[in-house]
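The residues making up each chain are set out below.
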Amino acid sequence: MINSSRLKILYRIIRNPDKNTINKLIFFIHEFIVYLFYGSPKKIHEFKISENLLKKLISWEIETKDIEFANNLKIKSLIYNHEDNTKKNERKLYKKKLLKIKPQMPLTLQRLLHNEVRKKIKLKVKSPFFIVNTRSWITNPLKDFEYGPTKMHRDGFWPGHLKVMIYLTPLNNEYGKLEIKNYGVITNRDIGHAILFLNSDLLHKAIPGNSKERISIEITIMRSLLNHNQTHIGHSDARHFSNIFFPYFEKFKTLFNK
Ligand SMILES: [Fe+2]
């Protein structure tokens, strides 16, 4: 629970407060309460999605193959990547070179995916959790390309978050891989492979394929005191909630509406 990277975050928050300071601190305290009840999550867990779900995801992937960029409407309660606008042009260029963002999958398919993933990771996450966001993209084959997600990094999400990566292509030299520091390069895995990991604690990088596109789906989750599903269709640039109370509020709304 308390490790050097979290202490560094806490130190930075106290030393250099900004407009998000109080919110970050509340996320930290919230995760500490979850930890007291349920303990720490497993740092990395590999699993496979079912053949049936894989088939459905692949047919959705084929149907939406020609759509290059998702049309996203920003959702108020979320924090997004690069809101500071620094290096905007550089990022645009790298994105164009490296990625094709997929449109959001239909809600029915997303719900099937979430239900299965929830079942497969709940014992590893240890606590209940909110599903925060889901997005999908294609990584172009680019040898030795190191920028953004293909450079060793931590995601820097506020405390309590984990990511689940699901691959609709195999993980190998041809299609691409994932590397997590002190765990190794995740390669020679079949299509439908999935990895749950602490994305803001562990250094990691995506490795593009030598010759083929890598297709990924990413689900962000947040440990909490109650389970709740994703509250929106998903956004290709979203990180996590901007306010810890929002998902609880949404959860209570569904309970009272029953
Ligand atoms: Fe990352």
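Now for a look at the structure at hand.

Thresholds, definitions, all that
- Residues numbered from 1 in each chain as written.
- Predicted model: local features only at pLDDT ≥ 70, side-chain atom pairs only at ≥ 80, totals over all residues.
- Core = buried A, V, L, I, M, F, W, Y, C linked by C-beta atoms within 7 Å.
- Buried ≥ 20, exposed ≤ 12 C-beta atoms within 10 Å, placed from the backbone.
- Helix = DSSP H or I, 4+ residues; strand = E, 2+ residues; numbered from the N terminus.
- Contact = placed C-beta atoms within 7 Å.
- Expected span 1.5 Å × (residues − 1).
- Arc of directions from axis to C-beta.
- Pairing = 2+ DSSP bridges.
- Axes fitted to C-alpha atoms, helices over the stretch in contact; angles between N-to-C directions.

Quick word on the nonpolar core
Soluble globular proteins: nonpolar side chains tend toward being buried together.
And then number 1: Grouped together as the largest cluster of nonpolar side chains are 39 residues, with contacts concentrated most on Val164, Met165, Ile166, Leu178, Ile195 and Ile221.
And then number 2: Looking at this core, the elements with two or more residues in it are helix H3 (51-63), helix H5 (107-125), strand S4 (129-139), strand S5 (161-167), strand S8 (193-197), strand S9 (204-208) and strand S10 (214-223).
And then number 3: With near-sequence residues (within four places) excluded, isoleucine 166 lies in contact with Ile49, Ala194 and Ile217.

With respect to helix H2 (residues 21-38)
And then number 1: With 18 residues, H2 should cover 26 Å at 1.5 Å per step; its first-to-last C-alpha distance of 26 Å lies within 8% of that length.
And then number 2: Phe27, His30, Glu31 and Val34 are the residues of H2 that are buried. Along H2, the residues classed as buried sweep out an arc of 95° about the axis, all on the same side. In H2, those exposed residues whose orientation departs by more than 90 degrees from the buried face are Ile22, Ile29 and Leu36.
And then number 3: In the core, the buried residues of H2 are packed alongside S10.

Notes on the sheet that holds strand S1 (residues 44-48)
And then number 1: Across the sheet, which stays open at both edges, the six strands sit in the order S1-S8-S5-S10-S4-S3 with antiparallel pairing between neighbours. Every other strand in the sheet has two partners, leaving S1 and strand S3 (99-101) as the edge strands with one partner each. Strand-to-strand, the axes of this sheet are offset by a mean angle of 25°, without reference to chain direction.
And then number 2: As paired strands, S5 and S10 are joined by seven bridges and run antiparallel to one another. Paired with leucine 162 across the two strands is isoleucine 221, which belongs to S10.

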